[in-house]
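# Understanding the architecture of this molecule
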Amino acid sequence: MQMSESVNVLGEPLETCGNDPVTGFYRDGCCNTGPDDLGFHTVCAVVTEDFLAFSQNQGNDLSTPRPEYGFPGLKPGDAWCLCAARWQEAFEAGMAPRVRLRSTHQATLEMCELADLKRHAVDLS
């Protein structure tokens, strides 16, 4: 999927989520999705220590480096394309990380409410 074809939750062109570390299901820095992305890695989250601990407690360790997969491990402040269902789970538990709406793919809206995402936005003035 080309970035020019991708739209964010605001109906605008999808912006880059993060390149340090490089994120995205396709490792293109964007939260693009496609038929092979079964986890919908579409939410551009800015992770926090609390969220990383929550995620690890849920069985998804995002902090530990996994060099065999080219994964450096995340630290607080990193932007990462998170599974929409994982963000929703964290939201319902009161542990949702902040979100970059302009970098969050519109497919997220199949699992998450825009109003909830907006309440956690870092890029709305």
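Our subject is the structure that appears above.
So, a few notes on the structure that sits alongside this text. Model, not experiment: these values are computed from the prediction. (Residues numbered from 1 in each chain as written. Predicted model: local features only at pLDDT ≥ 70, side-chain atom pairs only at ≥ 80, totals over all residues. Heavy atoms only, no water.)

What follows deals with the pairing of strand 1 (residues 41-46). Along strand 1, five of the six residues are buried, which leaves the element largely enclosed by surrounding structure. With five bridges joining them, strand 1 and strand 2 (residues 79-83) adopt antiparallel strand pairing. Along strand 2, the bridge assignment pairs Val-43 with Leu-82. Pairing of strand 1 with strand 3 (residues 98-99), which is carried by two bridges, proceeds in the antiparallel orientation. From the neighbouring strand, Val-46 faces strand 3, where its bridge partner is Arg-98. (Buried < 20%, exposed > 50% of the residue type's maximum accessible area, 1.4 Å probe, protein only. Helix = DSSP H or I, 4+ residues; strand = E, 2+ residues; numbered from the N terminus. Pairing = 2+ DSSP bridges.)

Before going further, it helps to spend a moment on unusual backbone geometry. A cis geometry characterises the amide bond from Asp-20 onward to Pro-21, with omega recorded as 5°. Even without being a glycine, Arg-27 presents a positive backbone phi close to 50°. Positionally, Arg-27 belongs in the segment before strand 1. On the basis of relative accessible area, Arg-27 is assigned to the partly exposed category, the value being 41%.

Per the counting criterion, the structure on display carries three aromatic pairs. Note on Phe-25 and Tyr-26: the rings are 5.0 Å apart at their centroids and 90° apart in plane angle, and the pair reads as edge-to-face. Looking at Phe-25, the relative accessible area reads 31%, which means it is partly exposed. Relative to Phe-91, the ring of Trp-87 has its centre 5.4 Å away and its plane inclined at 10°; by these criteria the two rings are stacked. Residue Trp-87 and its partner Phe-91 are located together in helix 2 (residues 84-92), separated by four residues, close to a single helical turn. Accessibility expressed as a relative area gives 0% for Trp-87, which makes it buried. (Phe/Tyr/Trp six-rings, centres within 6.5 Å; stacked < 30°, edge-to-face > 60°.)

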